[in-house]
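# Coordinate analysis (summary)
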Amino acid sequence: MNSGHAAYNAIRVIDSHTAGEPTRVILSGGPQLKGKTLQESLHYLRTESDCFRLSVIGEPRGSEVIVGALLCDAVDQTAATGVIFFNDVGYLGMCGHGSIGVVTTLAHLGRIGPGTHHIETPVGTVQTTLHDDGRVSISNVPSYRYRAHVPVDVPGYGTCHGDIAWGGNWFFLIADHGLPLVIDHRAELIAYTTAVRKALSAACITGANNALIDHIELEAPPVSSENSARNFMLCPGASFDRSPCGTGTSARLACLYAEGRLKPGDTWYQEGILGTVFQGTIALHGDCILPTITGRAWITGEATLLYDPDDPFRSGIKF
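Before going into details, it helps to say that this report is about the structure given with it.

Cut-offs used in this document
- Residues numbered from 1 in each chain as written.
- Predicted model: local features only at pLDDT ≥ 70, side-chain atom pairs only at ≥ 80, totals over all residues.
- Heavy atoms only, no water.
- Helix = DSSP H or I, 4+ residues; strand = E, 2+ residues; numbered from the N terminus.
- Rg over C-alpha atoms; globule rule 2.2 N^0.38 Å.
- Buried < 20%, exposed > 50% of the residue type's maximum accessible area, 1.4 Å probe, protein only.
- Contact = heavy atoms within 4.5 Å.
- Pairing = 2+ DSSP bridges.
- Salt bridge = Lys/Arg side-chain N within 4 Å of Asp/Glu carboxyl O.
- 1 Å grid on protein atoms, 1.4 Å probe; cavity = no way out; pocket = protein on both sides within 12 Å on 5 of 7 lines; lining within 4 Å.
- Points joined across faces, edges and corners; volume = space filled by probe spheres on them.
- Nonpolar A, V, L, I, M, F, W, Y, C, P; charged D, E, K, R; others polar.
- Phe/Tyr/Trp six-rings, centres within 6.5 Å; stacked < 30°, edge-to-face > 60°.
- Lys NZ or Arg CZ within 6 Å of the ring centre and 35° of its normal.
- Core = buried A, V, L, I, M, F, W, Y, C linked by side-chain atoms within 4.5 Å.
- Expected span 1.5 Å × (residues − 1).

Of regular secondary structure, the protein chain possesses five helices and 17 strands. A compact globule built from 319 residues would reach a C-alpha radius of gyration of about 20 Å, and the protein chain, at 19 Å, matches this within 12%. Along the longest, intermediate and shortest principal axes, the C-alpha atoms of the protein chain span 50 × 45 × 35 Å. A total of 319 residues make up the protein chain; the buried ones form 55% of that total.

Here is the structure:
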């Protein structure tokens, strides 16, 4: 059980999934955040009210695959909302599928209509477009390849090579893995990517400024000839992304651009482990790219999470 204690009685949430990956948007009942910026609010949440995170998305009210999206006041006056993303092990600077879920949720609530809307995240303000057909486009933060073809020795598997890239989170992208990217092999895929992540940490291989690489992305040819590639994504913790991953697709686009395989005006169709697809395009931003990711989310439920003071797992279950 979490060592913290949830001081909440009722939290209102709306659940959705984006291309198969769930998002839980917290509308009300959460902690009173402190800080003049969203980064300061995130720091307060992490250091003073972290038990809230696990109580909302962890068992018994949720599961390790759910990404939480706490709506909060935006500092950026152009933004429709601020949002802090988190999962079962920590906090995410940005979440592509989660942003699509947030926009879809705001539309479901009648707070926004089709058009352009800004969403403020701890790593920057993201421009989004809600299309008439319900699809959502996310103009992500500047993304780039940091290092190419980096070798890492993975105990039990041998040496693999991958690119290190930023797409709102840090990714290690591997093409020479030799594994089938199909859902029936998910246990094998999780075991391998977890071993890679541990090997990166042991070898002190990081992103810029010694940042932890907590997402491992495997690449392969697509199953459908209509798409460009397929991926498997290990998220922080032990869960894998059911969608093609918005920030992971952004990192992939950055690598493709660095290799000269993608240019502005091209469309990349990224296929996830379930066969669902995100569309990606790029614009140039100095030495970086500005990726735009388009996908669709569906509302799956509305609920009020309740916290009985006698519940031994009031604050969630920590494994």
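There's more to say after this.
Turning our eyes to something else, we now look at the environment of valine 182. As for its placement among the helices and strands, valine 182 is situated in the loop between strand S11 (170-174) and helix H4 (186-202). On the accessibility criterion, valine 182 (32% relative accessible area) is partly exposed. For the pair formed by valine 182 and glycine 272, sequence separation is 90 residues and the distance between their alpha carbons is 9.4 Å. With sequence-adjacent residues up to four places away left out, valine 182 is seen in contact with Leu189, Arg230 and Ile273.

Attention now goes to the pairing of strand S16 (residues 288-295). By the criterion of burial, S16 is predominantly enclosed, with six of the eight residues buried. Note: strand S8 (residues 136-139) against S16, four bridges, orientation antiparallel. Each residue of the ladder has a partner; that of serine 137, found in S16, is threonine 294. The antiparallel hairpin formed by strand S15 (residues 277-285) and S16 contains two residues in its connecting segment, where glycine 286 sits at a positive phi of about 65°.

This part is about the pattern of salt bridges. Tallying each qualifying case throughout the model produces 10 salt bridges. Residue aspartate 163 is joined to arginine 145 by a salt bridge in which the shortest nitrogen-to-oxygen separation is 3.4 Å. Placement of aspartate 163 in strand S10 (residues 158-166) and of arginine 145 in strand S9 (residues 144-154) is noted, with a sequence separation of 18 residues between them.

Our focus in this paragraph is empty space enclosed by the protein. Counted under the stated rule, the structure contains one cavity of 30 Å³ or more. The calculated volume of the largest cavity comes to roughly 160 Å³. Lining the largest cavity we find 22 residues, and of these Val67, Leu92, His215, Cys235 and Asp241 sit closest to its centre. Those elements that place two or more of their residues in the lining of the largest cavity are helix H3 (96-108) and helix H5 (246-258). Partitioning the lining of the largest cavity into residue classes produces 10 nonpolar, eight polar and four charged.

As a further point, take the packing of aromatic side chains. Evaluation of the coordinates by the stated rule reveals seven aromatic pairs. Both rings, one in tyrosine 146 and one in tryptophan 170, keep their centres 5.7 Å apart while their planes meet at 65°; by these two values the pair is edge-to-face. Here tyrosine 146 is found in strand S9, whereas its partner tryptophan 170 is found in strand S11, with 24 residues between them in sequence. By relative accessible area, tyrosine 146 is classed as partly exposed at 36%. Measuring from ring centre to ring centre gives 5.5 Å for phenylalanine 232 and phenylalanine 240, while their planes differ by 25°; the resulting arrangement is stacked. Assigned by exposure class, phenylalanine 232 and phenylalanine 240 land together as buried. What links up through ring pairs into an aromatic cluster is the set Tyr144, Tyr146, Trp166 and Trp170. The ring centre of tyrosine 307 lies 4.0 Å from the NZ or CZ of arginine 61, which sits over that ring.

On to the nonpolar core, then. Ranked by size, the top nonpolar core spans 63 residues in total, and within it Val102, Phe172 and Val196 carry the most contacts. For this core, the element with the most residues is H4, which contributes seven residues. Residues in contact with valine 196, not counting those within four places in the same chain, are Val154, Cys160, Phe172, Ile174 and Ile216. Ile26, Ile57, Leu70 and Tyr307 belong to the second-largest nonpolar core, a separate cluster that totals 20 residues.

As a further point, take H4. In this model H4 runs 24 Å from its N-terminal to its C-terminal C-alpha over 17 residues, within 8% of the 24 Å that 1.5 Å per residue would give. Of the residues making up H4, those classed as buried are Leu189, Ile190, Tyr192, Thr193, Thr194, Ala195, Val196, Arg197, Ala199 and Leu200. One or two steps after H4, the chain reaches cysteine 204, where phi turns positive at roughly 60°.

What follows deals with the environment of valine 25. Assignment of secondary structure puts valine 25 in strand S2 (residues 21-28). With 108 residues separating them in the primary sequence, valine 25 and aspartate 133 have C-alpha atoms 22 Å apart. Once residues lying within four places of it in the same chain are set aside, the contact partners of valine 25 are Arg12, Val13, Ile14, Ala69, Leu71, Gly101, Val102 and Thr105.

Taking 1.5 Å per residue, 13 residues should reach 18 Å; H3 reaches 18 Å between its end C-alpha atoms and fits that length. Here H3 lies mainly inside the structure; 11 of its 13 residues are buried. Here H3 has its buried residues at Gly96, His97, Gly98, Ser99, Ile100, Gly101, Val102, Val103, Thr104, Thr105 and Leu106. Just downstream of H3 lies glycine 110, where phi reads positive at about 80°.

From the geometry alone we can't say anything about function, so treat these as descriptive.
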